[in-house]
Amino acid sequence: MTTSRLSVRLSRLLNMIPYFIANPGISAADAAADLGVTTKQLMSDLNQLWMCGLPGYGPGDLIDLSFSEESIEVTFSAGIDRPLRLTSTEATALLVALRSIVDMPGMVDPTAAHAAIAKIESAISGGAPRTADDARVTPVEAPAVATVRSGLARQHALRIIYYSASRDVVSERVVDPIRIVLVDDNSYLQAWCREAEGVRLFRFDRIEAATELTEPARPPSHAATEAAASLDLFQDDPAVPLARLRIRGDYGWVLDQYPMHRLAVHPDGSLEATMRFATLDWMARLLLGFGSGVTVLGPPELIAAVRERSNAALAAYRDAGLEELE
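Residues numbered from 1 in each chain as written. Predicted model: local features only at pLDDT ≥ 70, side-chain atom pairs only at ≥ 80, totals over all residues. Heavy atoms only, no water.

What follows concerns the environment of Ser66. Mapped onto the elements of the fold, Ser66 is located in strand S1 (residues 64-67). With relative accessibility at 43%, the residue Ser66 sits in the partly exposed group. Note: C-alpha distance between Ser66 and Trp50 (16 residues apart in sequence) is 9.3 Å. For Ser66, the contacting residues outside a window of four places in its chain are Ser71, Ile72, Glu73 and Thr75. (Helix = DSSP H or I, 4+ residues; strand = E, 2+ residues; numbered from the N terminus. Buried < 20%, exposed > 50% of the residue type's maximum accessible area, 1.4 Å probe, protein only. Contact = heavy atoms within 4.5 Å.)

Okay, structure coming up:
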């Protein structure tokens, strides 16, 4: 781990000189934000660079910098005027990473990501220009997604129209955005929900509309602690009802699609699992969709709700003269 950290720092140090040459007089805070480090780490890196240079290590050989937290400028680069080139392995890894997140709503600006992909592909191919056949159409970002990213970047509050799958309702909320996160192959806005008075995760593909407000985002001071805890999407909250289910062996895939906790595997291959749910009506409809693949073991009110809906469906079939259909 120590070797890995040193390698990362070395790469950062070698690329900092071309960066500061391209951005003369930039402040430490702005540079730290661009480079993904803290201001304290950046100042430490600059002190390290100050003592690096070519063999001989005289005043004319060492990298020379004029820096403070207000302004940073390179006065002698010791020949390090261009960023490091990517190896083919590094470029391929970067392409794979970019392509894996470019279609995830909210994770990156798709226009910028596709431009970066095109540049990397061109570099890998030796700089050959892309033909019309090679060109890819950049996907258009949904307006709600673009608005959320803008609100987060400008630290503005947002008004969103959101579909909650657990409660099967659409609601309007005012939220203070904190960050965008990727959890289980889905992208989420993590934000302080003023209505719920807590940190919540809002899945991007369920945000139906968003409006950026003029007021600044103002999550409370304790929101940062809650933000870390809320990344566990399906916390075992005893206040939320718990369904106990028996899942047929050939329906085991439902455990990958829904927030279930497996309890046991029976000799016949069936599985026993639990799942938290917000409303009885929504859970009953979900379970009916599985047909005979999932059997409800508890609680009693959920068993009754599923039985009532099943009987109503059968009665509707009888009334329509379809009881012979399978």
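Picking up after the structure, the text goes on.
Now for the sheet that holds strand S11 (residues 294-298). If you walk across this open sheet you meet the four strands as S9-S10-S8-S11, and the pairing is antiparallel. Each edge of the open sheet is held by one strand with a lone partner, namely strand S9 (260-265) and S11. Put simply, the sheet's adjacent strands are angled 30° from each other on average, direction ignored. Across six bridges, strand S8 (residues 242-247) lies against strand S10 (residues 271-276) in antiparallel orientation. Counted as the bridge partner of Leu242 is Arg276 from S10. Sheet contacts for helix H10 (residues 300-319): S8 and S11; angle to S11, the most-contacted strand, approximately 140°. (Pairing = 2+ DSSP bridges. Axes fitted to C-alpha atoms, helices over the stretch in contact; angles between N-to-C directions.)

Turning to helix H6 (residues 143-154), a few remarks are in order. For H6, spanning twelve residues, the distance from its first C-alpha to its last is 16 Å, which sits close to the expected 16 Å at 1.5 Å a residue. Of all the positions in H6, only Ala144, Val145, Thr147, Val148 and Gly151 are classed as buried. Considered in projection along H6, the buried side chains sweep an arc of 165° and stay on one side of the axis. For H6, exposure combined with an orientation more than 90 degrees from the buried face picks out Pro143, Ala153 and Arg154. Packed against the buried residues of H6 are strand S3 (156-164), strand S4 (169-183), strand S5 (186-193) and strand S7 (207-216). Just past H6, the residue Gln155 takes up positive phi, approximately 55°. (Expected span 1.5 Å × (residues − 1). Arc of directions from axis to C-beta.)

With 22 residues, the main nonpolar core has Leu245, Ile247, Met260, Met283, Leu287 and Leu302 as its most contacted residues. Among the secondary structure elements, those contributing two or more residues to this core are S8, helix H8 (254-257), S10, helix H9 (280-289), S11 and H10. For this core, the leading source of residues is H9, giving five residues. In this view, Leu302 contacts Ala243, Phe277, Leu280, Met283, Ala284, Leu287 and Val296; residues no more than four positions away in its chain are not counted. Of all hydrophobic cores here, the second largest spans 19 residues; its members include Phe20, Ala32, Leu42 and Ile72. (Core = buried A, V, L, I, M, F, W, Y, C linked by side-chain atoms within 4.5 Å.)

Per the stated rule, a full pass over the model turns up 14 salt bridges. Asp176 is paired through a salt bridge with Arg194; the nearest N and O atoms lie 2.7 Å apart. Here Arg194 lies in the loop between S5 and strand S6 (198-203) and Asp176 lies in strand S4, a separation of 18 residues in the sequence. Since its relative accessible area comes to 1%, Asp176 is described here as buried. One connected set of salt bridges, linked through shared partners, spans Asp176, Arg194, Glu215 and Arg218. (Salt bridge = Lys/Arg side-chain N within 4 Å of Asp/Glu carboxyl O.)

Running from amino to carboxyl end, helix H4 (residues 88-102) crosses helix H5 (residues 110-124) at an angle of 155°, the nearest separation of the two axes being 10 Å. By the angle between their directions, the pair H4 and H5 is classed as roughly antiparallel. When the axes of H4 and H5 are compared, the crossing they make is left-handed. Two secondary-structure elements touch here, H4 through Ala91, Thr92, Leu94, Leu95, Leu98, Arg99 and Val102 and H5 through Pro110, Ala113, His114, Ala116, Ile117, Ile120, Glu121 and Ile124. (Parallel < 35°, antiparallel > 145°, perpendicular 65-115°, else oblique. Left-handed = near helix turned anticlockwise from the far one by under 90°.)

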